[in-house]
Structures are given as structure tokens and as C-alpha cells.
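Residues per chain, in single letters:
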Amino acid sequence: MVRTSAVACGLLLLGAGLALAGGPPEPVWRELEPGLEVGRFASPSRRPTPDGDLTVLRIDPGRFALKLITTAADDPVPGRDVVDWCAEHDLLAAVNAGMYQANRRTHVGYCKVEGRVVNGFANDYLSVAAFGPLDPADPPFRIFDLDEISLEDVAARYANVVQNLRLIKRARENRWQPDDDRWREAALAEDAAGRALIVYCRTSWSMQEFNEILLSLPLDVVAAQHLEGRSQARFHIAHPDHASGPGDVAPGPLLPNVLGVVRRAAPPAAGR
């Protein structure tokens, strides 16, 4: 585990410099509606990003649900643009569900959607995101570490399970080593309150650097997994009260599988 990296030291120096110089104010979460907030943050970028190069959508799983959508096997088109996925399925936001195989349809790891296993092959990636608990006593959303719990146990408890490359192990462990390979990143994280965080950073960082940035921001991240990188990383917020910013919407590749955000159905009114 790396804790004293150069980027972490740089973040501390950056924060101190901004404070002394009367730099930009702390980012403020903007509520799209109760339980759904968007925030913009500035990573220690190599070029100025006054609008913030890192966008986070914070989701209360008690009010909103994640929806895992995959391309139908008989669909002649292998996927949709992220904007089209939102329009077609009435999603408030959408992001890559993870990396996919060479056939441009199949998720690279284990994938279960609403109780149906669409890819039963489990690779060696050590992170699974799970939602739709079969027992109401279980958390509505959780990122599990597969070196702490078996995939079989998670799959038996949740209707939706998606396996991806681990970024941050619970609780707050960055196990990546420094690397010269850098890319823009789309990630899924969980905070200490059990909220889901969709994170998109349009500045290229190594995974070790990106993790340190996530852990340094006021997000209270406890676990995270990689969804996609480079030009394949796509994120779109379709909520009507969201004003798009740089990097939010642009023509991009077709995605075969996405994680969407939808409102939970209101509970029925109590009878009189």
C-alpha cells in the first residue's frame, strides 16, 4: 500500500498554496434533487482547470437506484452512446459498467442483472459492486472486496453484481504502485455513509495517483473500482437541472453495458 507518494505530497502543497494565496473556494455540492448531488473538484492538474476537472455524482441509494443495463444478445447494434442510453431508458445519469471483451458486448468479469447471470465467468479482479439486495437488511449498495468475501456469497445476496478492477480496498487502502501509464478515468466508489459515487476525471493520472486524489478529496471514499479509462470512459448526467460542463457530453464510442441512475418508486401511501 502506498501512502507517502509524490502526488499526495503535491496535494498537501497545493492546498497550502491556495490557502495562502486566497485561492478558489472549497467546492460546494449542488443538489439536483434530495439525495442526488453533483460536485466539481480540481485535481492537481498539469494545466489550469478553473471549472474543475473531476466530476462526482453522489447518490443516496435510499432514494435512487443503480440500474445495470446490457446490450441484448440479438440487438444488431453493439451498444449505444452514453447519451442515447439515458434517453432510451429514462436514466438520470449513466457511466460505463466496466470494461468489455473483444466482441464489444460481453462484460470482462462476472455480471448478474436483476437475478439473471449474463456472464458467469469470474476473472481475478478483486472488486464487485452489488445492489438490489434480496434481504432488506443488507445495504442497498455495497462495493465488496473478493479477498474478504466470496463472489458466491455476494451473488447469493444481491440481484445485481458486477465485477471490476479494484482501485481502493475497504477501508481506504490504495494498493497500486507508481506507474508511468496515465489515462482519464471513470470510476465507481462508495463513501462512509454507504452512498454511491460516480467519478469522472478528464485529466490523465496513473491509478496510484488517481486513488490518492480520491482519498484526499472531501468525499470520504472507503472503496472504489475502475469502470473504464482513456477515450472509452464516458459519463453523462441527464438530469434536467444539471448544467453540462466541459467533458460531460461529447460524441463517443458505443457502450455495450452501462450503469444508470433512476429514481426509486415512491412507497405506497398508508391506508386510512
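See the structure printed just above.
Residues numbered from 1 in each chain as written. Predicted model: local features only at pLDDT ≥ 70, side-chain atom pairs only at ≥ 80, totals over all residues. Heavy atoms only, no water.

Draft legend 1. The arrangement of the pairing of strand E2 (residues 36–41) in detail. Among the 6 residues in E2, 5 count as buried, and that is most of the element. The loop that links strand E1 (residues 30–33) with its antiparallel partner E2 comprises 2 residues; one of these, Gly 35, has a positive phi angle of about 95 degrees. Of the pairings in the sheet, the one linking E2 to strand E3 (residues 54–59) comprises 6 bridges and is antiparallel in character. The residue of E3 that forms the bridge with Gly 39 is Val 56. (Buried < 20%, exposed > 50% of the residue type's maximum accessible area, 1.4 Å probe, protein only. Helix = DSSP H or I, 4+ residues; strand = E, 2+ residues; numbered from the N terminus. Pairing = 2+ DSSP bridges.)

Draft legend 2. How the structure looks around the sheet that holds strand E11 (residues 166–169). The strand order across the open sheet built from 8 strands is E1-E2-E3-E14-E13-E15-E11-E12, with neighbouring strands paired in antiparallel fashion. Both edges of this open sheet fall to E1 and strand E12 (173–174), since each of them pairs with a single strand only. As judged from the 3 bridges shared by E1 and E2, these two strands associate in the antiparallel manner. Residue pairing in the sheet places Glu 33 in a bridge with Leu 36 of E2. The strands that helix H4 (residues 207–216) touches are E3, E11, E12, strand E13 (183–191), strand E14 (196–205) and strand E15 (221–229); relative to E14, the one it contacts most, it runs at about 130 degrees. (Contact = heavy atoms within 4.5 Å. Axes fitted to C-alpha atoms, helices over the stretch in contact; angles between N-to-C directions.)

Draft legend 3. Region of interest: the pairing of strand E5 (residues 93–96). Here 3 bridges tie E5 to strand E16 (residues 235–237), and the two strands are oriented antiparallel to one another. Across the sheet, Ala 93 pairs through a bridge with Ile 237, a residue of E16. The pairing of E5 with strand E17 (residues 257–263) spans 4 bridges and is classified as antiparallel. Bridging across to E17, Ala 94 finds its partner in Gly 260.

Draft legend 4. Spatial organisation of the environment of His 89. Note on placement: His 89 falls in helix H2 (residues 82–89). On the accessibility criterion, His 89 (28% relative accessible area) is partly exposed. Each C-alpha atom, one on His 89 and one on Val 261, is 9.9 Å from the other, the two residues being 172 residues apart in sequence.

Draft legend 5. Highlighting the sheet that holds strand E7 (residues 116–119). Taken in spatial order, the 5 strands line up as E7-E6-E10-E8-E9 in an open sheet, and their pairing is antiparallel. Each end of this open sheet is capped by a strand with a single partner; those strands are E7 and strand E9 (141–145). The mean angle between the axes of side-by-side strands here comes to 30 degrees, regardless of whether they run parallel or antiparallel. In the sheet, strand E6 (residues 111–113) pairs with strand E10 (residues 158–164) via 2 bridges, with the strands oriented antiparallel. Its bridge partner lying in E10, Lys 112 is registered against Val 161.

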